[in-house]
Amino acid sequence: MIVTIDGPASSGKTTVAKLLAKELGFLVLESGKFYRLFTYLLLKSEKEWRALLTDEERLKAFWKRILPELKIKVKKEGTAVYFRGELLEKELRLPEVEEAVSIVAKVEAVRKLVNSLLRELSKDKKLVAEGRDMGSVVFPEATLKIFLTADEKVRAERRAKDEGRPFEKVAENIKKRDKIDSTRKTAPLTIPEGAIVIDTTSLSPEEVLKVVIKELHKRGL
Ligand code: DC
């Protein structure tokens, strides 16, 4: 059983996914972390990383080299990503990763590699999966699909506060990423068919959780 939560940057997906997973006893699949991981390792290991993005064979070879060194734990508290035994957290939120991740994530070959890993990890699990294309592309069979939105300024304020970064910089990055994520050819950010849309601008995470639980109850779950 899968509940998907999609939406633009900082709309509250991860927070709500974690609350919901706790409530239901499900695991949390944070798909954005996989794109951040791909981007982080690509930037770290390839000076000419942009050139690699246009070469599917080299991308595949890169991923094949990386995979044996990765360990992914899909847990109730979230998705933990380890590379060479080291837990990656702040590395995935570096400004250079924030800058490049949407450029990397719009490449179809990258999405194919990430999606096959996401599907493999999801097998036989009860999941809350959050991202941009969870309900539309990766898990179209999901039991419940949620799409979160929120005012752009409020989203930037939330992230700036969470990460202790300057509002202007965060706002600019969110705007840029949303534009690339929504206009890309492959799996653009979109409201999945049948999704419940929740505007979180003036709602607390707990209030959003209540709406989601109500929707689950409506479906007899
Ligand atoms: O949710 P996040 O901010 O961690 O996601 C980082 C980036 O990864 C986001 O700007 C676009 C990409 N992404 C994606 O293309 N598809 C997903 N399902 C999740 C994230």
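Our subject is the structure that appears above.
Residues numbered from 1 in each chain as written. Predicted model: local features only at pLDDT ≥ 70, side-chain atom pairs only at ≥ 80, totals over all residues. Heavy atoms only, no water.

(A) Representation of helix α5 (residues 95-105). Of the positions making up α5, those classed as buried are Val97, Glu98, Ala100, Val101, Ser102, Val104 and Ala105. Buried residues along α5 sit against α2 (31-45), α3 (49-52), α6 (108-122), α8 (152-163) and α9 (167-183). (Buried < 20%, exposed > 50% of the residue type's maximum accessible area, 1.4 Å probe, protein only. Helix = DSSP H or I, 4+ residues; strand = E, 2+ residues; numbered from the N terminus. Contact = heavy atoms within 4.5 Å.)

(B) Region of the structure containing the side chain of Glu98. Within the element layout of this structure, Glu98 appears in helix α5. A relative accessible area of 1% places Glu98 in the buried class. Excluding anything up to four places from it in sequence, Glu98 contacts Arg36, Arg93, Arg159, Glu163, Arg165, Asn173 and Arg177.

(C) Structural context of the site of the ligand. Among the 15 residues in the neighbourhood of the ligand, the closest are listed as Arg36, Arg111, Arg177, Asp181 and Arg184. The side chain of Ser31 places a nitrogen or oxygen atom 3.0 Å from a nitrogen atom of the ligand. Between the ligand and Arg177, the relevant distance is 2.8 Å, taken from an oxygen atom to a side-chain nitrogen or oxygen of the residue. Here the ligand loses 97% of its free accessible area of 450 Å² to cover by the protein chains. Among the elements of the structure, α2, α5 and α9 are those that each provide at least two residues to the shell around the ligand. Sorting elements by how many residues they give to the shell around the ligand places α2 first, with four residues. (Near = heavy atom within 4 Å. Polar contact = N/O pair within 3.5 Å; in protein donor to acceptor, adjacent residues only side chain to side chain. Areas by Shrake-Rupley, 256 points an atom, 1.4 Å probe, with all protein chains shown as cover.)

(D) Quick look at the sheet that holds strand β3 (residues 70-75). Strand order in the open sheet formed by three strands is β3-β4-β5, and the pairing between neighbours is antiparallel. A single partner strand is all that each edge strand has here, and the edge strands are β3 and β5 (86-88). Within the sheet, the average angular offset between the axes of one strand and its neighbour, ignoring direction, is 30°. Direction of pairing for β3 relative to strand β4 (residues 78-83): antiparallel, over a ladder of six bridges. Pairing of Ile72 across the sheet is with Val81, part of β4. (Pairing = 2+ DSSP bridges. Axes fitted to C-alpha atoms, helices over the stretch in contact; angles between N-to-C directions.)

(E) Molecular detail of the nonpolar core. Judged by nonpolar contacts, the single largest core of 43 residues is most densely connected at Leu37, Phe38 and Val110. Beyond its immediate chain neighbours, meaning those up to four positions away, Val110 contacts Tyr35, Phe38, Leu53, Leu59 and Val104. In terms of nonpolar packing, the next biggest core, distinct from the first, is built from 19 residues, Ile5, Leu20, Val208 and Val212 among them. (Core = buried A, V, L, I, M, F, W, Y, C linked by side-chain atoms within 4.5 Å.)

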